[in-house]
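Okay, here's what each chain looks like letter by letter:
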2 protein chains.
Amino acid sequence: MRATLMYSAGDVRVENVPDPVIKHPTDALVRITASCVCGSDLWPYASMKPEDGPARMGHEFIGIVEDTGSEVTTVKRGDLVVAPFAISDNTCEFCREGLHTSCAHAQANFWDGEAEEGGQAEAVRVPLADGTLVKLPVAPDSALIPSLLTLSDVFGTGYHAAVAGGVNERTRVTVIGDGAVGLLGVLSAKRLGAEQIILMGRHQARTDLGREFGATEVVSARGDEGIAQVRELTGGHGTHVVLECVGNMPAYQQATGIVRPGGVISRVGVPQYEEAPIGFGSLFRHNIRLAGGPAPVRAYIEELMPDILNGTIEPGKVFDTTTNLDGVPAGYQDMADRKSLKVLVKN
Amino acid sequence: MRATLMYSAGDVRVENVPDPVIKHPTDALVRITASCVCGSDLWPYASMKPEDGPARMGHEFIGIVEDTGSEVTTVKRGDLVVAPFAISDNTCEFCREGLHTSCAHAQANFWDGEAEEGGQAEAVRVPLADGTLVKLPVAPDSALIPSLLTLSDVFGTGYHAAVAGGVNERTRVTVIGDGAVGLLGVLSAKRLGAEQIILMGRHQARTDLGREFGATEVVSARGDEGIAQVRELTGGHGTHVVLECVGNMPAYQQATGIVRPGGVISRVGVPQYEEAPIGFGSLFRHNIRLAGGPAPVRAYIEELMPDILNGTIEPGKVFDTTTNLDGVPAGYQDMADRKSLKVLVKN
């Protein structure tokens, strides 16, 4: 079959690889019908060294079950399914608490950690199929597919940012980042009842979508000027919650500048740093809390799917480009160049 | 009157200073009857440069109101009162949320930031007396004074660590530090219902008191060995909450090693660092949260006092040495040498 491989920074190719096969009785084989390129794929696209490649790519997909191992009971051949970006058993003590990204099962993993599998491909072997896959009650060509595909990562990740930050109808919220996760953080904050949602971003097509998703104000300035503008919009104190949806140090520092005393910085952008300021001058003095991490999107799929099925929300609007498997390398480049917000790949 | 001044590291003196006077209509004058030396006083005692001194010392005290400004209504001459380590108006939006250490009033401050006032003295001018002072329903020579004095800082600080960490009957807890705050963090975790409370400390007299306060296990090892022992006591995963009651980098790193996925590190020891690891390898990977800061002890006084008055708890047991104002310099040295856990100063 054909699959996407990254050889090094800027070098993505679609090549022939061996077809996946069932290895464990808990596996399923899925023929992929829709996948996409993630903002987090752009980090290695910017920095990957040749000695770390080639790597199979893609961790967001929808597909049709083609075969199942003998122990799989919740999905069967012919089912249309969506997969979260993390493989989990959905039964361990962490999964039961809704923290599927810390699943204790030996086969639990991120797709990005699976050397032989990836979602930007024609097919995939899914470990722990009962825990990982969720059946979709639509046809593979449904108009809802783009929105349902966001349940695999970006919507659940934006939602996790808002949930981990404790967003509710009494919190003011700032969202840092106008990528797909940031925009869906806006949608999530709106869904959880926040009345003031400030979106920090500078690409108008994206911030316009942010306003459509529920942003009440947009601040395009960054750094000290951006901090000053958010403070001015919030009576001088900043917002109770800051959803940090980028992952680099300037975004973190911006977050520390605009969070209200006693507030929360909720991070879901994979940190591109290890050390950061958390002492008296940054977090400690005003009891600022830090939350977030890899989103347990599996925990949110059942909760979020009905709103997509009944048309209340349309998170799939983050896809502004559609291509096929051959178009994946160009899709990476377009997203890196910020020509595309998020690229949908239809097989 | 006489008051304690720190001239530089290791140099604490009791000297004559001008008597305090009412400056603002919201002030009260308090004749101090009991005060103490804080673990946080030991940081400048170890490092203060002569050019930063002399500084008035002491932020924990009980005393008798001698005079009040014209606008003071909640306390009057003759009342016995306790003061938290932070001055606050108890009416601003942050105080109403229970975050008195971020009080928005222009006169809000830490005692340690008041150049002309301190609690290790014969008397003190108390700004924002209505917000700051709490009347005590006992006599100045009551046997409950040591326990009531802990409401000014160490008990409220340990309690804040537990509250900010979300301790309840379903959480396992580790307390790092066998100082007064750590031991009262144990007492607080017990009060909030935690069934497993692991105390990390290596001074047996202190850890024995920790067991009396509710610690179920004591781990004296530090670093990797200490982390391994806590993990062994918790089924391999660590505890839901870690109360970090020290404030230095080894304590923080120990906390990151023993906190359970999805858990909380709650810090109340003033960080002696600004930058620390919070990226993928430390906090982010397993959604570890960070909480805590300067404790709004004012918010907890009414809640905690009844248990002291009715004898349910005796946090004053952290005082193992009693002296008078003349004995304060020796008290600092004894605490620095770890001969004394906490020194009570009776006037």
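Residues numbered from 1 in each chain as written. Chains lettered and ligands numbered in written order. Predicted model: local features only at pLDDT ≥ 70, side-chain atom pairs only at ≥ 80, totals over all residues. Heavy atoms only, no water.

> I'd love a proper account of the packing of helix H6 (residues 180-191) of chain B against helix H7 (residues 204-213) of chain B, names of residues and values included.
Residues and elements named next belong to chain B. Orientation of H6 relative to H7, taken along the N-to-C sense of each, is 15°, at an axis distance of 8 Å. Comparing the axis directions of H6 and H7 gives the class roughly parallel. Helix-helix and strand crossings are classified by hand; for H6 and H7 the assignment is right-handed. Packed against H6, whose contacting residues are Leu183, Leu184, Val186, Leu187 and Lys190, the element H7 presents Arg206, Leu209, Gly210 and Phe213 at the interface. Along the lines of polarity and charge, the residues of the contact of H6 with H7 split into six nonpolar, one polar and two charged. (Axes fitted to C-alpha atoms, helices over the stretch in contact; angles between N-to-C directions. Helix = DSSP H or I, 4+ residues; strand = E, 2+ residues; numbered from the N terminus. Parallel < 35°, antiparallel > 145°, perpendicular 65-115°, else oblique. Left-handed = near helix turned anticlockwise from the far one by under 90°. Contact = heavy atoms within 4.5 Å. Nonpolar A, V, L, I, M, F, W, Y, C, P; charged D, E, K, R; others polar.)

> Explain the side chain of threonine 171 of chain A residue by residue, including any values.
All names here are of chain A. Relative to the helices and strands, threonine 171 resides in the loop between helix H5 (154-164) and strand S11 (172-176). Looking at threonine 171, the relative accessible area reads 12%, which means it is buried. A distance of 2.8 Å separates a polar side-chain atom of threonine 171 from the backbone oxygen of asparagine 168. In this view, threonine 171 contacts Gly166, Ala194, Glu195, Gln196, His240 and Val241; residues no more than four positions away in its chain are not counted. (Buried < 20%, exposed > 50% of the residue type's maximum accessible area, 1.4 Å probe, protein only. Polar contact = N/O pair within 3.5 Å; in protein donor to acceptor, adjacent residues only side chain to side chain.)

> Before we move on, could you go through the sheet that holds strand S2 (residues 11-16) of chain A and cite the residues and values that matter?
Residue and element names in this part refer to chain A. The antiparallel open sheet is built from three strands, whose spatial order is S2-S1-S4. Strands at the two margins of the open sheet, each flanked by one partner only, are S2 and strand S4 (55-56). Here strand S1 (residues 2-8) runs beside S2; their pairing, made up of six bridges, is antiparallel. Pairing of alanine 3 across the sheet is with glutamate 15, part of S2. (Pairing = 2+ DSSP bridges.)

> Go over the UniProt feature "domain: Alcohol dehydrogenase-like N-terminal" (unreviewed entry) in chain A with me, naming the residues and quoting the values.
Feature annotation in UniProt assigns "domain: Alcohol dehydrogenase-like N-terminal" (unreviewed entry) to the following positions: residues 25-137 of chain A. Between the C-alpha atoms that bound residues 25-137 of chain A the distance is 25 Å, and the span itself is 12% helix and 29% strand. (UniProt positions renumbered as here; feature names shortened; annotations may be inferred.)

> Any details on the interface of chain B and chain A? Residues and values, ideally.
Taken residue by residue, the interface counts 40 residues in chain B and 40 residues in chain A. Together, Ile278, Phe284 and Asn287 of chain B form the three largest contributors to the area buried by chain B at its contact with chain A, with a combined 21%. Our enumeration of links across chain B and chain A arrives at four salt bridges. Note that arginine 260 of chain A is salt-bridged to glutamate 93 of chain B, the shortest N-O span being 2.6 Å. At the surface where chain B touches chain A, the tally comes to 28 residue pairs in polar contact (both at pLDDT 80 or more). Looking at the side of chain B that touches chain A, the elements with two or more residues in it are helix H2 (93-96), strand S15 (259-267), strand S16 (275-277) and strand S17 (289-292) of chain B. Broken down by class, the residue content of the side of chain B that touches chain A amounts to 19 nonpolar, 13 polar and eight charged. The pairing of strand S16 (residues 275-277) of chain A with S16 of chain B spans three bridges and is antiparallel. Pairing of glutamate 275 of chain A across the sheet is with proline 277 of chain B, part of S16 of chain B. (Buried area = accessible area lost by both parts, 1.4 Å probe. Salt bridge = Lys/Arg side-chain N within 4 Å of Asp/Glu carboxyl O.)

> Tell me what's going on with the domain arrangement of chain A, and back it up with residues and numbers.
Quoted interface sizes are often the accessible area lost when the parts come together. Residue and element names in this part refer to chain A. The assigned domain composition of chain A is domain 1 (2-153 + 296-346) and domain 2 (157-292). Domain 1 and domain 2 are separated by 27 Å when their C-alpha centres are compared. In this complex, domain 1 contributes 19 residues to the contact, which on the side of domain 2 involves 20 residues. Summing the contributions of domain 1 and of domain 2, the shared interface buries around 1700 Å²; its carbon and sulfur component is 62%. Of the charged contacts, one joins arginine 338 and aspartate 178 as a salt bridge, the two residues approaching to 3.0 Å between their closest N and O atoms. In this assembly, domain 1 and domain 2 are joined by ten residue pairs in polar contact (both at pLDDT 80 or more). Among the elements that make up the side of domain 1 that touches domain 2, the one with the highest residue count is helix H10 (residues 301-309) (three residues). (Domains from an automatic or database assignment.)

> Just give me the short version of the pattern of salt bridges, but keep the residues and values in it.
Applying the stated rule across the entire model yields 36 salt bridges over all chains. Arginine 31 of chain A is paired through a salt bridge with glutamate 66 of chain A; the nearest N and O atoms lie 3.2 Å apart. Note that arginine 31 of chain A is positioned in strand S3 (residues 28-36) and glutamate 66 of chain A in strand S5 (residues 61-68), a separation of 35 residues in sequence. The salt bridge involving arginine 260 of chain B is made with glutamate 97 of chain A; its shortest N-O contact spans 2.8 Å. Of this pair, arginine 260 of chain B sits in strand S15 while glutamate 97 of chain A sits in the loop between helix H2 (93-96) and strand S8 (109-110), which puts the two residues in different chains.

> Describe the packing of aromatic side chains, listing the residues and the values that go with them.
All names here are of chain A. Throughout the structure, instances matching the rule amount to 14 aromatic pairs over all chains. Ring plane angle 70° and centroid distance 5.4 Å describe the contact between phenylalanine 61 and tryptophan 111, whose orientation is recorded as edge-to-face. Separated by 50 residues along the polypeptide, phenylalanine 61 in strand S5 and tryptophan 111 in the loop between S8 and strand S9 (123-126) bring together distant segments of the chain. In terms of burial, phenylalanine 61 and tryptophan 111 fall into one category: buried. Where tyrosine 252 meets tyrosine 273, the ring centres are 5.9 Å apart and the plane angle is 45°; that geometry is what we call tilted. (Phe/Tyr/Trp six-rings, centres within 6.5 Å; stacked < 30°, edge-to-face > 60°.)

> With reference to specific residues and values, describe the relation of the copies chain B and chain A.
The transformation that overlays chain B on chain A combines an axial shift of 0.0 Å with a rotation of 180°, and the residual RMSD is 0.0 Å. Look at the turn and shift together and you get a two-fold axis relating the two. Judged by C-alpha distance, leucine 290 of chain B is the residue of chain B that lies nearest the rotation axis, at 2.4 Å. The fraction of interface residues of chain B whose copies in chain A are also interface residues reaches 100%, indicating that both copies meet through the same surface. (Least-squares fit on C-alpha atoms with pLDDT ≥ 70 in both.)

> Lay out the sheet that holds strand S2 (residues 11-16) of chain B in plain terms, naming residues and giving numbers.
Remark on secondary structure: sheet strands pair via backbone hydrogen bonds, oriented parallel or antiparallel. Residues and elements named next belong to chain B. A sheet is described by the order of its strands in space; here three strands give the open sequence S2-S1-S4, paired in antiparallel fashion. Looking at strand neighbours, the two that pair on one side only are S2 and strand S4 (55-56), the edges of this open sheet. Strands strand S1 (2-8) and S2 of the sheet are contacted by helix H11 (residues 328-336), whose axis makes an angle of about 165° with S2.

> A description of the side chain of arginine 56 of chain A should follow, citing residues and the corresponding values.
Residue and element names in this part refer to chain A. By the element assignment, arginine 56 lies in strand S4. Among buried Asp, Glu, Lys and Arg side chains, arginine 56 stands out as unpaired, with glutamate 117 the closest opposite charge at 4.4 Å. For arginine 56, the side chain forms a polar contact with the main-chain oxygen of glutamate 116, separated by 3.2 Å. The contact partners of arginine 56, leaving out residues within four places of it in the chain, are Met1, Ala3, Thr4, Leu5, Val17, Ala115, Glu116, Glu117 and Gly118. (Lys, Arg positive; Asp, Glu negative; His and termini not counted.)

> Break down the UniProt feature "domain: Alcohol dehydrogenase-like C-terminal" (unreviewed entry) in chain A for me, citing the residues and quoting the values.
What UniProt calls "domain: Alcohol dehydrogenase-like C-terminal" (unreviewed entry) maps, in this numbering, to residues 180-292 of chain A. Secondary structure across residues 180-292 of chain A divides into 38% helix and 27% strand, with the first and last C-alpha atoms of the span separated by 17 Å.

> I'd like a rundown of the environment of alanine 276 of chain B, residues and numbers included.
With respect to the secondary-structure elements, alanine 276 of chain B resides in strand S16. Measuring from C-alpha to C-alpha, the distance between alanine 276 of chain B and alanine 215 of chain B comes to 28 Å, with 61 residues separating the pair along the chain. With sequence-adjacent residues up to four places away left out, alanine 276 of chain B is seen in contact with Glu274, Glu275, Ala276 and Ile278 of chain A together with Met249 and Tyr252 of chain B.

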